Amino acid sequence: IGTDVNGTTALGNSLDGLLIDGHDASSNPTAVGDTVTGNVVSNNGGNGVEVRLASSVTIVSNKVGTDATGSGRHGNGSDGIIVVGPATALGISNNIVSANVDYGIIATDVSTLTVSGNKVGTDAAGSANLGNGTVVTHSGSPDTFSGGGVRIEGLAAPVTNVVVQSNTISGNNG
């Protein structure tokens, strides 16, 4: 998604690579039980993968912001994986999420979220720096940072039942 069939040549979409939008007129989650697996999601103008108002969604074994080998920089124009709640029962595991302009993984207003076994800001081997986030340099001012590794926050609702475990988070700015 955003590359050629071999996952090496940039053919990005102008907005998000993949959007799961469970919004309906009542703002109740309607995207239930979706799985995103085994994709290369790179070179898109917006987010790599965006999930809105959903439950029981699993994002597993994808390369988000890299090439098909997981070693080349092919970042998305905003976040790698973003979850915008209210959202429940989500799993983000065993992905490579690197080289994106803003955050590798960001989730807002979620409950029952597991983030595990991901490589965020590294290559597939976990050894090369392919960090997420951007360093912004202003003439005569200190550098500022945008984005970074993983951010989980409650904006409109409290964040509950979140597990972040066994991830490699390295080389990110922010």
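Conventions we followed
- Residues numbered from 1 in each chain as written.
- Predicted model: local features only at pLDDT ≥ 70, side-chain atom pairs only at ≥ 80, totals over all residues.
- Heavy atoms only, no water.
- Patch = residues over 30% accessible without salt bridge, like charges linked within 9 Å, V, L, I, M, F, W, Y side chains within 5 Å.
- Areas by Shrake-Rupley, 256 points an atom, 1.4 Å probe, with all protein chains shown as cover.
- Salt bridge = Lys/Arg side-chain N within 4 Å of Asp/Glu carboxyl O.
- Helix = DSSP H or I, 4+ residues; strand = E, 2+ residues; numbered from the N terminus.
- Pairing = 2+ DSSP bridges.
- Buried < 20%, exposed > 50% of the residue type's maximum accessible area, 1.4 Å probe, protein only.
- Contact = heavy atoms within 4.5 Å.
- Core = buried A, V, L, I, M, F, W, Y, C linked by side-chain atoms within 4.5 Å.
- Polar contact = N/O pair within 3.5 Å; in protein donor to acceptor, adjacent residues only side chain to side chain.

Draft legend 1. Highlighting a nonpolar patch on the surface. Together, Val-159, Val-162, Val-164 and Ile-169 give the surface a local cluster of nonpolar side chains, amounting to about 270 Å² of exposed area. Mapped onto the fold, Val-164 is located in strand β16 (residues 160-165).

Draft legend 2. Seen up close, the sheet that holds strand β10 (residues 96-97). Strand order across the open sheet formed by five strands is β4-β8-β10-β12-β17, with parallel pairing between neighbours. Bordering the open sheet on either side are β4 (40-41) and β17 (168-169), each of which pairs with just one other strand. Alignment of strand β12 (residues 119-120) against β17, held across two bridges, turns out to be parallel. If you follow Val-120 over to β17, its bridge partner there is Ile-169.

Draft legend 3. Just the environment of Thr-108, in detail. Looking at where Thr-108 falls in the secondary structure, it is placed in strand β11 (residues 103-116). Residue classification places Thr-108 among the buried residues on the basis of a relative accessible area of 8%. C-alpha separation for the pair Thr-108 and Leu-155, spaced 47 residues apart in sequence, amounts to 6.5 Å. Setting aside residues no more than four positions away along its own chain, Thr-108 makes contact with Val-83, Val-84, Gly-85, Glu-153 and Leu-155.

Draft legend 4. Looking closely at the nonpolar core. Core analysis: the biggest nonpolar cluster contains 21 residues, and Val-51, Ile-59, Ile-81, Val-83 and Ile-92 have the highest contact counts within it. Of all the secondary structure elements, the ones that give two or more residues to this core are β5 (49-52), β9 (81-93) and β11.

Draft legend 5. Representation of the pattern of salt bridges. A full pass over the atoms with the stated rule returns three salt bridges. Asp-21 serves as the salt-bridge partner of Arg-52, at 3.2 Å between the closest nitrogen and oxygen. Here Asp-21 lies in strand β1 (residues 18-21) and Arg-52 lies in strand β5, a separation of 31 residues in the sequence. According to the relative accessible area criterion, Asp-21 is partly exposed, its value standing at 36%.

Draft legend 6. Just the side chain of Ser-98, in detail. Here Ser-98 lies in the loop between β10 and β11. A relative accessible area of 0% places Ser-98 in the buried class. A polar side-chain atom of Ser-98 sits 3.0 Å from the main-chain amide nitrogen of Gly-121.

Draft legend 7. Spatial organisation of the environment of Asn-129. If you trace the backbone, Asn-129 turns up in the loop between β12 and β13 (134-136). In sequence terms Asn-129 and Asn-172 are 43 residues apart; their C-alpha atoms lie 8.1 Å from each other. In contact with Asn-129, not counting residues within four places along its chain, are Arg-73, Gly-121 and Gly-171. Of the polar contacts made by the side chain of Asn-129, one reaches the backbone nitrogen of Gly-131; its length is 2.8 Å.

Draft legend 8. Just unusual backbone geometry, in detail. Pro-86 follows Gly-85 through a cis peptide bond whose omega is 15°. Note that Pro-86 resides in strand β9. Here Leu-53, not a glycine, exhibits a phi torsion of approximately 45°, which is positive. With respect to the helices and strands, Leu-53 occurs in the loop between β5 and β6 (54-55). For Leu-53, a relative accessible area of 11% gives the class buried. Unusually for a residue other than glycine, Ala-99 sits at a positive phi of about 70°.

Draft legend 9. A look at the side chain of Thr-122. Mapping Thr-122 onto the fold places it in the loop between β12 and β13. Looking at Thr-122, the relative accessible area reads 2%, which means it is buried. When sequence neighbours within four positions are dropped, the list of residues in contact with Thr-122 reads Ile-96, Ser-98, Ala-128, Leu-130, Thr-168 and Ser-170.

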